[in-house]
Every structure is written in C-alpha cells, then in structure tokens.
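Overview (structure and organization)
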Amino acid sequence: MRWERVGAYGMRSGEYRVCKAYLDGCTLYGLYHADKLLAWCNDFDECRELAAAHLAA
C-alpha cells in the first residue's frame, strides 16, 4: 500500500484513511475504510498493518 499525507493530521491509501485525534490528552489514530471506522490505534504503524490485513482478507 502506498500512503500519502492529507493535511496536517491525515494519511490515505486508496479507500483507507488514517486520522490523528487528541482525546482527553491522548493521541489516537482512527483507521477508516470508505466511511466505516475499523479501529482506533496507538500509532500510525499499527493502523497501516491493520489496513494491509483488512485488504488481504
């Protein structure tokens, strides 16, 4: 998968998107496929691995 930056807080690869969010002082990363939230992750690498696994399934 080839990821590209979208704005200051996002990345995308095809229909997959990762957004960076600050919630209650914590940084979380949301992984979306199309408009569906797949998971909240602790870092971008975790989101990238989950997206690759979801695509392979």
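Because the structure is a prediction, the values reported are computed rather than measured. (Residues numbered from 1 in each chain as written. Predicted model: local features only at pLDDT ≥ 70, side-chain atom pairs only at ≥ 80, totals over all residues. Heavy atoms only, no water.)

Thoughts on the side chain of S13
- Summarising the element assignment, S13 is placed in strand β2 (residues 10-13).
- With relative accessibility at 9%, the residue S13 sits in the buried group. (Helix = DSSP H or I, 4+ residues; strand = E, 2+ residues; numbered from the N terminus. Buried < 20%, exposed > 50% of the residue type's maximum accessible area, 1.4 Å probe, protein only.)

Some thoughts on the sheet that holds strand β4 (residues 26-33)
- In spatial order, the strands read β1-β2-β3-β4-β5; together these 5 strands make up an open sheet with antiparallel pairing. Edge positions in the sheet fall to β1 (4-6) and β5 (36-41), since each has one partner strand and no second. Sheet twist, expressed as the average angle between the axes of neighbouring strands with direction ignored, equals 30°.
- Relative to β4, strand β3 (residues 16-23) is paired through 8 bridges, and the arrangement is antiparallel. Directly across from Y16, in β4, lies its bridge partner H33.
- Where helix α1 (residues 44-56) meets the sheet, its contacts fall on β2, β3, β4 and β5, and the angle it forms with β4 comes to roughly 20°. (Pairing = 2+ DSSP bridges. Axes fitted to C-alpha atoms, helices over the stretch in contact; angles between N-to-C directions. Contact = heavy atoms within 4.5 Å.)

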